[in-house]
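A closer look at the structure
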Amino acid sequence: MSVATRNGTGPVDAPVAPPRVVRQRRMRPGLLGLAVLLIALGGLGAAFAVTSVRATGSYLAVARPVEVGRQVSADDLVPVQVAGGQGLSPVPAGRLDEVVGKRAAVSLTPGTLLTMAQLTDDPLLGPGQQQLALGLNPAEVPARKLHPGDKLLLVSTPDGDDDRPAGAATRFEATVIDAVTSDDDDEVVVYLALAVRDVPAVVALSSQERIALVLTEAA
């Protein structure tokens with residue numbers, strides 16, 4: 001090849017550098033497939049997150065305290081919007097008519113979502129039964145938490161002047177209706193269903209702090 005000089009002199013032969021060839025790197029098919037899979041999974045994850053946030057529903061929440069055994073009214077409940085709800089079983093707001101008139105199987109606390117397990121149509125007291133409340137120290141409760149339907153055996157304990165053997169203790173069968181722990185955890189109130197004939201004796205023993213509770217069957 002000839003190259004012309006700037007001062008007008010004749011062309012000068014000069015060597016020409018060959019063009020540089022840039023080698024293209026080939027992507028392995030396995031890495032390409034992995035990249036496509038990660039992109040797809042990222043898109044699915046984003047779609048699931050958006051769906052979870054948008055999947056809100058209207059459910060029933062407790063608006064004011066409802067004692068165990070009392071019938072639930074419409075004023076006791078309020079509809080609330082809850083996002084997601086996976087793992088929960090609250091009552092949809094559209095089923096309000098189904099729950100009004102049912103009795104609270106446990107104490108209903110304001111600000112909590114209502115579930116069907118907290119309601120019952122069954123009478124809490126059977127024929128020939130009355131309800132009794134016992135205030136106990138936490139150490140006197142036979143389980144970390146008592147549930148409605150738990151079966152208890154109430155056993156009289158001897159007083160200081162009682163020389164009778166332990167086998168002569170009086171026993172009473174009872175069923176737990178509810179159990180409530182005070183805010184400072186100093187006392188647990190257990191609501192029991194007992195036979196009418198046993199109530200006077202249990203009240204007398206309780207006033208003397210001469211009664212012990214034994215859990216015989218868990219609900």
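The residue count restarts for each chain, going from 1 along the sequence in the order it is written. Local features in this predicted model are restricted to residues whose pLDDT is 70 or higher, and side-chain atom pairs enter the listing and the counts only when it is 80 or higher, whereas totals over whole chains, interfaces and linings include all residues. Each side-chain value is derived from all of the structure's non-hydrogen atoms; neither hydrogens nor water enter the calculation.

Next up on the list: the pattern of salt bridges. By salt bridge we mean one thing: a side-chain nitrogen of Lys or Arg within 4 Å of a carboxyl oxygen of Asp or Glu. Here the structure, examined in full by the defined rule, presents six salt bridges. Salt-bridge contacts for Asp76 lead to Arg70; the nearest nitrogen and oxygen are separated by 3.6 Å. For every residue, the accessible area obtained with a 1.4 Å probe (protein chains only) is divided by the maximum for its type, and the residue is called buried under 20%, exposed over 50%, and partly exposed between those limits. Under the relative-accessibility criterion, Asp76 is labelled buried at 0%. Look at Arg70 and you get partly exposed, because its relative accessible area is 31%. Notably, a salt bridge pairs Arg197 with Asp198, separated by 3.9 Å at the nearest N-O pair. Looking at Arg197, the relative accessible area reads 70%, which means it is exposed. Looking at Asp198, the relative accessible area reads 14%, which means it is buried. Within this structure, Arg64, Glu67, Arg70 and Asp76 form a network of salt bridges that share partners.

What follows covers the environment of Leu125. In this text, helices come from DSSP runs of H or I with a minimum length of four residues, and strands from runs of E with a minimum of two, each type numbered from the N-terminal end. Of note, Leu125 is situated in the loop between strand S6 (119-120) and strand S7 (129-136). Sequence separation of Leu125 and Leu192 is 67 residues, and the distance between their C-alpha atoms is 9.2 Å. Discounting residues that sit within four places of it in the chain, Leu125 has contacts with Gln130, Gln131, Ile177 and Ala193. Should any heavy atoms of two residues lie within 4.5 Å, those residues are counted as being in contact.

Next up on the list: helix H3 (residues 199-207). Of all the residues in H3, the buried ones are Val199, Val202 and Leu205. Down the axis of H3, the buried set is contained in an arc of 130°. They therefore lie on one face. Pointing more than 90 degrees away from the buried face of H3 are the exposed residues Pro200 and Ser207. The directions considered for the arc are those from the helix axis to the C-beta atoms.

For the rest of this paragraph, the subject is the layout of surface pockets. Gaps left between atoms show up when a probe the size of a water molecule is rolled over them. The calculated volume of the largest pocket comes to roughly 270 Å³. Lining residues are those with an atom within 4 Å of a point, where the points come from a 1 Å grid over the protein atoms alone and group into cavities, where a 1.4 Å probe fits but cannot get out, or pockets, open sets with protein on both sides within 12 Å along at least five of seven lines. If you go around the largest pocket, you meet 17 residues; those closest to its centre are Val106, Ser107, Asp178, Ala179 and Val180. Broken down by element, the lining of the largest pocket gets its largest block of residues, three residues, from strand S9 (residues 171-181). Residue polarity is assigned by list, with Asp, Glu, Lys and Arg as charged and Ala, Val, Leu, Ile, Met, Phe, Trp, Tyr, Cys and Pro as nonpolar; anything else, Gly included, falls into the polar class. Partitioned by chemical class, the residues of the lining of the largest pocket number 10 nonpolar, four polar and three charged. Grid points are joined across faces, edges and corners, and a volume is the space filled by probe spheres set on the points. As a volume, the second largest pocket reaches approximately 200 Å³. As for the second largest pocket, its lining consists of 13 residues, of which Pro123, Leu124, Gly149, Thr175 and Val176 are closest to the centre. The dominant element in the lining of the second largest pocket, judged by the number of residues it contributes, is S9, at three residues. Taken together, the residues of the lining of the second largest pocket sort by class into seven nonpolar, four polar and two charged.

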